[in-house]
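# Examining the three-dimensional arrangement
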Amino acid sequence: DTGVSQDPRHKITKRGQNVTFRCDPISEHNRLYWYRQTLGQGPEFLTYFQNEAQLEKSRLLSDRFSAERPKGSFSTLEIQRTEQGDSAMYLCASEAGGAGTEAFFGQGTRLTVV
Amino acid sequence: SQQGEEDPQALSIQEGENATMNCSYKTSINNLQWYRQNSGRGLVHLILIRSNEREKHSGRLRVTLDTSKKSSSLLITASRAADTASYFCATDPKNTGNQFYFGTGTSLTVIP
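All of these numbers come straight from a predicted model, not from anything done at the bench. (Residues numbered from 1 in each chain as written. Chains lettered and ligands numbered in written order. Predicted model: local features only at pLDDT ≥ 70, side-chain atom pairs only at ≥ 80, totals over all residues. Heavy atoms only, no water.)

### Description of the overall build of chain A
Regarding its fold elements, chain A presents zero helices and eleven strands. Listing the helices and strands of chain A from first to last along the sequence gives β-β-β-β-β-β-β-β-β-β-β. By the compact-globule yardstick of 13 Å for 114 residues, chain A fits well, its C-alpha radius of gyration being 13 Å. Projecting the C-alpha coordinates of chain A onto the three principal axes gives extents of approximately 40 × 25 × 25 Å. Within chain A, the fraction of its 114 residues that count as buried is 47%. Of the roughly 5,700 Å² of accessible surface on chain A, 44% is carried by carbon and sulfur atoms. One way to put it: in chain A the 14 positive side-chain charges average out to a point 7 Å from where the 14 negative ones average out. (Helix = DSSP H or I, 4+ residues; strand = E, 2+ residues; numbered from the N terminus. Rg over C-alpha atoms; globule rule 2.2 N^0.38 Å. Buried < 20%, exposed > 50% of the residue type's maximum accessible area, 1.4 Å probe, protein only. Areas by Shrake-Rupley, 256 points an atom, 1.4 Å probe, with all protein chains shown as cover. Lys, Arg positive; Asp, Glu negative; His and termini not counted. Charge placed at Lys NZ, Arg CZ, Asp CG, Glu CD.)

Below, the structure is given as structure tokens:
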């Protein structure tokens, strides 16, 4: 499978715990995005990487959230001290870059904070 | 907000009928993409249309773009039960960095 891969698919955690999600983009895609989606809503932008550089961060990304893409390939999204409001689907997308290229999304990680 | 807004919010049709959903946005864009999402799953890319294009086809899908009205439409012809899903448009606005803006989607139900 050469699509965007996310792990885990589901995560249930207790409030206050830390969680980390992984995204493996399509090979050689230099752009990588993280989005969050709550029930009945469209995805909301969290952050964007160009290779290993994190170039944009949404105001939604509080200081409890951190994302990395250490070698410009896979990326991780960590949420510290999770809150019930963090419950959502976390989606990763990658794009080859350049004008007018498609962004392909993974299956997402569904986080439930209890 | 620079979000795309889909219309209608929900659409129910019989199998074999055509389904049309619309997307309106507020600022000039580089391109617009349509995605499908089955319940609880990730987004599947359908079509990208650039700002200098007016119409694109892919199989049973037809997308139009009217930049003067800041709107796009997605037509699914000869719908099938498997087309049941939520459909989102994502805009790539000019001069606003590197992110896409999604609307709240159109929930399509195709009745067998």
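Past the structure itself, the notes keep going.
### Here we look at the layout of surface pockets
Roughly 450 Å³ of volume is contained in the largest pocket. Taken together, 24 residues make up the lining of the largest pocket; nearest its centre are A:Gln37, A:Thr38, A:Leu39, A:Gly40 and B:Gln37. Where the lining of the largest pocket is concerned, the elements lending two or more residues are β9 (88-95) and β11 (109-113) of chain A together with β9 (85-93) and β11 (106-111) of chain B. For the lining of the largest pocket, a count of residues per class yields six nonpolar, 16 polar and two charged. (1 Å grid on protein atoms, 1.4 Å probe; cavity = no way out; pocket = protein on both sides within 12 Å on 5 of 7 lines; lining within 4 Å. Points joined across faces, edges and corners; volume = space filled by probe spheres on them. Nonpolar A, V, L, I, M, F, W, Y, C, P; charged D, E, K, R; others polar.)

### Examining the sheet that holds strand β3 (residues 19-24) of chain A
Residues and elements named next belong to chain A. Judged by pairing direction, the sheet is antiparallel, and its four strands sit side by side in the order β1-β3-β8-β7 without closing on themselves. Edge positions in the open sheet fall to β1 (5-7) and β7 (65-68), since each of these has one partner strand only. For this sheet the average axis-to-axis angle between neighbouring strands, irrespective of direction, equals 15°. (Pairing = 2+ DSSP bridges. Axes fitted to C-alpha atoms, helices over the stretch in contact; angles between N-to-C directions.)

### Overview of the environment of A:Arg36
Residues and elements named next belong to chain A. As for its placement among the helices and strands, arginine 36 is situated in strand β4 (residues 31-37). In this structure the C-alpha to C-alpha distance between arginine 36 and tyrosine 48, which are twelve residues apart in sequence, comes to 13 Å. Apart from the residues lying within four places of it in its own chain, the contact partners of arginine 36 are Gly42, Pro43, Glu44, Leu46, Leu60, Phe65, Ala88, Met89 and Tyr90. (Contact = heavy atoms within 4.5 Å.)

### Section: the interface of chain B and chain A
Taken residue by residue, the interface counts 20 residues in chain B and 25 residues in chain A. Taken together, the two surfaces of chain B and chain A that pack against each other cover about 1,800 Å², and 50% of this comes from carbon and sulfur. Ranking the residues of chain B by area buried against chain A places B:Leu43, B:Asn98 and B:Phe100 at the top, with a combined share of 32%. Where chain B meets chain A, there are zero salt bridges. Among the secondary structure elements, those contributing two or more residues to the side of chain B that touches chain A are β4 (29-37) and β5 (43-50) of chain B. The residue inventory of the side of chain B that touches chain A, partitioned by class, reads six nonpolar, twelve polar and two charged. (Buried area = accessible area lost by both parts, 1.4 Å probe. Salt bridge = Lys/Arg side-chain N within 4 Å of Asp/Glu carboxyl O.)

### Here's the deal with the sheet that holds strand β6 (residues 55-58) of chain B
Residues and elements named next belong to chain B. If you trace the five strands from one edge of the open sheet to the other, you get β1-β3-β8-β7-β6, paired in antiparallel fashion. Edge positions in the open sheet fall to β1 (5-7) and β6, since each of these has one partner strand only. Adjacent strand axes in the sheet meet at a mean angle of 20° when their direction is disregarded. The pairing of β1 with strand β3 (residues 19-24) spans three bridges and is antiparallel. Bridge assignment links glutamate 5 to a residue of β3, and that residue is serine 24.

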